[in-house]
Structures are given as C-alpha cells and as structure tokens.
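Commentary on secondary and tertiary structure
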Amino acid sequence: MISTIVSSSLRLAASSSASSVALISQRQLSMAAAQSANKLSSILEEYRAQNYAMELPRRFRQDIVKAASSSRQYNDQATVSADGIENVLQNIGAGNRMSRSEIDEILNEVGVCPVNDGDAQCVISASQMIELISKH
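Residues numbered from 1 in each chain as written. Predicted model: local features only at pLDDT ≥ 70, side-chain atom pairs only at ≥ 80, totals over all residues. Heavy atoms only, no water.

Turning our attention to empty space enclosed by the protein. Vacant regions in the atomic arrangement are exposed by a probe of water-molecule size rolled over the atoms. For the coordinates displayed, the defined rule picks out two cavities of 30 Å³ or more. Put simply, the second largest cavity is a space of about 30 Å³. Around the second largest cavity, the lining residues are L40, L44, I64, I85, V88, L89 and M129. Counting only elements with at least two residues in the lining of the second largest cavity, the list comes to helix 3 (31-51) and helix 5 (82-91). Classifying every residue of the lining of the second largest cavity by side-chain character gives seven nonpolar, no polar and no charged. (1 Å grid on protein atoms, 1.4 Å probe; cavity = no way out; pocket = protein on both sides within 12 Å on 5 of 7 lines; lining within 4 Å. Points joined across faces, edges and corners; volume = space filled by probe spheres on them. Helix = DSSP H or I, 4+ residues; strand = E, 2+ residues; numbered from the N terminus. Nonpolar A, V, L, I, M, F, W, Y, C, P; charged D, E, K, R; others polar.)

Our focus in this paragraph is the packing of helix 3 against helix 5. Taken N-terminus to C-terminus, the directions of helix 3 and helix 5 make an angle of 35°; their axes are 11 Å apart at the nearest point. Note on packing geometry: the crossing formed by helix 3 with helix 5 is left-handed. Here L40, I43 and L44 of helix 3 come into contact with helix 5, specifically with I85, V88 and L89. In terms of residue class, the contact of helix 3 with helix 5 is built from six nonpolar, no polar and no charged. (Axes fitted to C-alpha atoms, helices over the stretch in contact; angles between N-to-C directions. Left-handed = near helix turned anticlockwise from the far one by under 90°. Contact = heavy atoms within 4.5 Å.)

Counting 26 residues, the largest nonpolar core has L40, L44, I85, L89 and M129 as its most contacted members. Contributing elements (two or more residues each) for this core: helix 3, helix 4 (57-68), helix 5, helix 6 (100-110) and helix 7 (126-133). (Core = buried A, V, L, I, M, F, W, Y, C linked by side-chain atoms within 4.5 Å. Buried < 20%, exposed > 50% of the residue type's maximum accessible area, 1.4 Å probe, protein only.)

In this section: the pairing of strand 2 (residues 77-81). The element strand 2 is largely enclosed, with a buried count of four among its five residues. Taken together, the three bridges between strand 2 and strand 3 (residues 123-125) define a ladder with antiparallel strand orientation. Bridge pairing in strand 3 links T79 to S125. (Pairing = 2+ DSSP bridges.)

Next up, the structure:
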C-alpha cells in the first residue's frame with residue numbers, strides 16, 4: 001500500500017521536470033543514500049574538472065545523463081537506471097570507486113521502482129539525475 005502511494009506520488013512528480021526537481025530538493029534521503037549521492041557527485045565532479053575543464057558544468061551534466069540514459073522511458077521522459085550509471089562510471093575509469101549497492105541505494109530512494117516485476121530496476125528521470133549530480 002505504501003509503495004503504491006509513493007509510486008503514485010513519484011509518477012505525478014515526474015510528469016513535469018520542474019516538479020520532479022522540486023521533489024528531490026525537498027525530499028530527505030537516508031544518511032546512506034545521501035552519502036552515496038554525494039560520492040557519485042564528487043566522482044563526476046572530479047572527472048569534469050580533469051576532462052571537461054573548458055566546458056560549462058551544465059554541458060558536462062547533460063552529457064553524463066545522456067550517456068547514462070536507457071532506451072526505456074517513464075511518462076515520456078528518458079530514464080536512468082543503475083546499469084546506466086554503472087556504465088558511465090566504468091567508461092570514465094571510476095567503476096571501482098562506487099559499488100552497485102551504493103548506486104541502487106540512491107535509485108531506491110529517489111527513483112520509481114516497479115512493484116510487481118522483480119527483475120525490473122528502479123529508474124530516475126533525466127532531470128532527477130541532473131539534480132542529483134548538480135548538488136556538488
């Protein structure tokens with residue numbers, strides 16, 4: 001019942017990018033998820049400083065989200081899964097710096113998780129991903 005309510009509220013929030021960004025900003029993450037989100041942001045910021053120094057940070061974040069986005073969509077928005085984030089980290093040489101469980105922890109708290117399908121992964125919208133990595 002609670003997961004259905006949370007899922008419904010996330011669907012409503014994901015209907016517009018502004019409200020999904022507001023949802024993350026207002027939402028209190030658990031200590032572990034907040035630490036994992038900060039770790040991801042720090043890893044990406046470190047890579048940006050070394051390899052995208054001449055580009056605007058916004059351009060870098062958009063490139064990262066595009067690389068992490070899957071072909072699946074939710075409410076007509078591009079989504080980012082744990083596999084996508086893990087793939088980006090591998091591609092930038094930081095695959096060993098963040099565990100899959102840390103990535104899953106972020107997505108479980110911020111994302112939309114399928115209720116009935118045990119094989120499906122939690123996903124976040126592209127705008128939610130940008131918000132997560134912009135907090136550094």
